[in-house]
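Reading the structure
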Amino acid sequence: MNSALELLNQSGFANLTWGNWVMFVVAGVLIFLAIKKNYEPLLLIPIGFGIILANLPLAEMGSYGEGIIGLIYNSGIKTELLPPIIFLGVGVLTDFRPLLGRPLTFLLGASAQLGIFVAALGAAYLLGFTPKEAASIGIIGGADGPTSIFLASKLAPHLLGPIAVAAYSYMSLVPIIQPPIMRLLTTKKERAIDMPQARPVSKTAVIVFPIVTGIVASLAIPSSAPLIGMLMFGNLIRESGVTERLRKTAGGALIDIVTLFLGLVVGATMDAPHFLNIKTLMILVLGAVAFSFSTAGGVVFAKIINLFLSQGKKINPCIGAAGVSAVPMAARVVQKFVSDETDGQVNPLMPAMGPNVAGVIGSAVAAGVFLTLLS
Amino acid sequence: MNSIDLVTICIVAFIGVFLLLSILAVIMRLIIAVFPERATGTGEAILAVISTTYKTHYPGTIITRVEEVL
């Protein structure tokens, strides 16, 4: 009888806290959103199940524990290994031609990083986060999951869970967050600007692009090299045309395997003591602020650029909103918004892809700058 | 490190991102100027359609070039 009682006392059931139950509900919501609403399912399902694993008492399945998830966390996140590998796959899957055809849209990708800095300042000044924590929270505005994880794991690893969840949640909420901001900041006439086709880009140019960008960006901000370097390496694999097997692996099996581990490990950082606190709520609010300001930054800067462009060369300011990475969803949202507003007359999907992919570079560079200045 | 430092860091970082992407934009513009896209003549899709049609009537034929005569 005593043995049975001892066994019961040593079971997870006897050690469950209310916090664990709350986290099970959070996990359930994420899994529900992934399956029913199709919100970032490739990430939210591993994250959701990672939360469940981390909240099983005595199982040692959290990222901060001694079990196998802890092993993956220590060797994959703490060492910066997994996010750059994701970037390798992103590079393979990204076509930079829309950006190369309109180099001006590089600037929209830069201006749409505004929210990063606004949210970081808000976090530090208004909510009392340390500069390292504030920078990690601000990077949510870059709308780039791997970049957020990369920076948070270096500067504020204790906030990794909520930051990753906020980043991925807001990325899937782009269709809800961005249209009202675009509508607020643009006139009907501006939304109807139909941009001419971008200039064609030669095969040589698309091959030279990742090499030059990798060198220039990594020399300028060396701490951004893990992200930019791998992104550009992946893109070179894609564009060279002679590494088909590597392209298929990096853009398929490899990115899937890493996504599995990354999602699971990030979810497993969210045990009840680390997640259920006021800071998490603040991070979620700041994430929304960051995202909104980034969207506004892109749109407003596009309007400023238009002041200097002649008639016929003006850009549709809505494409500035796509500068918040979140490839390709932000570009699709811009396309749908403008198309709906103009009864299908204007369809800026390809123009919006320019700032969209520039945003990936912009947020990685911003993360690198923060790392350089705050490490 | 105090909050004033963070303000400076954010300003420097934003300018840094802008500057670097501006430089990349200029470099890309130069690359495109140096390596312009040449007119490719007949598109691959058109070539494939003509090849398929021609092979239907003349099996074993290999189309190597299609030229547009204006």
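So, a few notes on the structure that sits alongside this text. Computed from a predicted structure; not experimentally measured.

Some details on unusual backbone geometry
Residue and element names in this part refer to chain A. Of note, the amide linkage connecting Val-327 to Pro-328 takes the cis form, showing an omega dihedral of -5°. Within the secondary structure, Pro-328 sits in the loop between helix H19 (278–307) and helix H20 (329–341). For Glu-60, which is not glycine, the phi dihedral falls at a positive 55°. Examined against the element boundaries, Glu-60 turns out to sit in the loop between helix H4 (41–54) and helix H5 (68–77). In this structure, Glu-80 is a non-glycine residue whose phi angle is positive, near 65°.

Regarding the environment of A:Ala268
Residues and elements named next belong to chain A. One can find Ala-268 in the loop between helix H17 (244–267) and helix H18 (272–275). Along the chain, Ala-268 and Pro-180 lie 88 residues apart, while their C-alpha atoms are 34 Å from each other. Ignoring anything within four residues of it in the chain, the contact list for Ala-268 reads Gly-50, Ile-51, Ala-54, Met-61, Gly-62, Ser-63 and Ile-69.

Things to note about the pattern of salt bridges
A side chain of one charge can pair with a side chain of the opposite charge when the charged atoms of the two come close. Residues and elements named next belong to chain A. One pass over the full model with this rule turns up 10 salt bridges over all chains. A salt bridge links Arg-183 to Glu-341; its shortest N-O distance comes to 3.2 Å. Taken as a pair, Arg-183 in helix H13 (residues 174–185) and Glu-341 in helix H20 lie far apart in primary sequence, 158 residues in all. Each of Asp-95, Arg-97, Arg-238 and Glu-239 takes part in salt bridges that share partners, so that together they form one network.

A closer look at the packing of helix H15 (residues 203–220) of chain A against helix H16 (residues 225–240) of chain A
Residue and element names in this part refer to chain A. Taken N-terminus to C-terminus, the directions of H15 and H16 make an angle of 165°; their axes are 9 Å apart at the nearest point. Put simply, H15 runs roughly antiparallel to H16. The hand of the H15/H16 crossing is left-handed. On H16, the residues that touch Lys-203, Val-206, Ile-207, Phe-209, Pro-210, Ile-211, Thr-213, Gly-214, Ala-217 and Ser-218 of H15 are Ala-225, Ile-228, Gly-229, Met-232, Asn-235, Leu-236, Glu-239 and Ser-240. Counted by class, the contact of H15 with H16 contains 10 nonpolar, 6 polar and 2 charged residues.

Overview of the interface of chain A and chain B
If you look at the interface, chain A gives 42 residues, while chain B gives 26 residues. Here chain A packs against chain B, burying approximately 2900 Å² in sum over the two surfaces, 87% of which is carbon and sulfur. By the criterion of area lost to chain B, the three top residues of chain A are A:Phe106, A:Phe117 and A:Leu373, representing 16% of everything that side buries. On the surface where chain A and chain B come into contact, there are 0 salt bridges. Taken together, the links from chain A to chain B amount to 1 residue pair in polar contact (both at pLDDT 80 or more). For the side of chain A that touches chain B, the elements supplying multiple residues, two or more each, are helix H7 (97–101), helix H8 (105–111), helix H9 (114–125), helix H10 (131–138), H15 and helix H21 (349–374) of chain A. Class assignment of the residues belonging to the side of chain A that touches chain B gives a composition of 32 nonpolar, 8 polar and 2 charged.

Here we look at the nonpolar core
One recurring pattern in soluble globular proteins is that nonpolar side chains are buried together. Counting residues in each nonpolar core, the largest one holds 129 residues, and the members touching the most others are A:Phe106, A:Ile361 and A:Phe370. Ranked by residues supplied to this core, first place goes to H21(A) with 14 residues. The contacts of A:Phe370, once residues within four sequence positions are left out, are A:Ile116, A:Phe117, A:Ala120, A:Ala135, A:Leu151, A:Ser375, B:Ile9 and B:Cys10.

Describing the packing of H13(A) against H20(A)
Residues and elements named next belong to chain A. Relative orientation of the contacting elements H13 and H20 amounts to 50°, with a least axis distance of 10 Å. The angle between H13 and H20 falls in the class oblique. Viewed along their axes, H13 and H20 form a crossing whose handedness is right-handed. Here Val-174, Pro-175, Gln-178, Pro-179, Met-182 and Arg-183 of H13 lie close against H20, whose contacting residues are Met-329, Ala-330, Val-333, Val-334, Phe-337 and Glu-341. Split into classes, the residues belonging to the contact of H13 with H20 amount to 9 nonpolar, 1 polar and 2 charged.

Some details on H5(A)
Residues that lie three or four places apart on an α-helix share one face, since the helix turns once every 3.6 residues. All names here are of chain A. Every buried residue belonging to H5 is among Ile-69, Gly-70, Ile-72, Tyr-73, Gly-76 and Ile-77, and all of these are buried. All buried residues of H5 lie within an arc of 160° about the axis, which places them on one face of the element. Turned more than 90 degrees away from the buried face of H5 sit Ile-68 and Leu-71, all of them exposed. Where H5 is buried, its residues contact H4, helix H6 (82–93), helix H11 (145–155), helix H12 (160–172) and H17.

Section: the environment of A:Ser11
All names here are of chain A. Within the secondary structure, Ser-11 sits in the loop between helix H1 (2–9) and helix H2 (12–15). With 209 residues separating them in the primary sequence, Ser-11 and Ala-220 have C-alpha atoms 54 Å apart. Reaching out from Ser-11, the side chain makes a polar contact with the backbone oxygen of Leu-8 at a distance of 2.7 Å.

Observations regarding H19(A)
In a regular helix each residue adds 1.5 Å, so 30 residues correspond to 44 Å; H19(A) covers 44 Å between its end C-alpha atoms and thus fits that length. Its side-chain oxygen at 3.1 Å from the backbone nitrogen of A:Lys279, A:Asn277 defines the N-terminal cap of H19(A).

What counts, and at which threshold
- Residues numbered from 1 in each chain as written.
- Chains lettered and ligands numbered in written order.
- Predicted model: local features only at pLDDT ≥ 70, side-chain atom pairs only at ≥ 80, totals over all residues.
- Heavy atoms only, no water.
- Helix = DSSP H or I, 4+ residues; strand = E, 2+ residues; numbered from the N terminus.
- Contact = heavy atoms within 4.5 Å.
- Salt bridge = Lys/Arg side-chain N within 4 Å of Asp/Glu carboxyl O.
- Axes fitted to C-alpha atoms, helices over the stretch in contact; angles between N-to-C directions.
- Parallel < 35°, antiparallel > 145°, perpendicular 65-115°, else oblique.
- Left-handed = near helix turned anticlockwise from the far one by under 90°.
- Nonpolar A, V, L, I, M, F, W, Y, C, P; charged D, E, K, R; others polar.
- Buried area = accessible area lost by both parts, 1.4 Å probe.
- Polar contact = N/O pair within 3.5 Å; in protein donor to acceptor, adjacent residues only side chain to side chain.
- Core = buried A, V, L, I, M, F, W, Y, C linked by side-chain atoms within 4.5 Å.
- Buried < 20%, exposed > 50% of the residue type's maximum accessible area, 1.4 Å probe, protein only.
- Arc of directions from axis to C-beta.
- Expected span 1.5 Å × (residues − 1).

In short, geometric facts, not functional conclusions.
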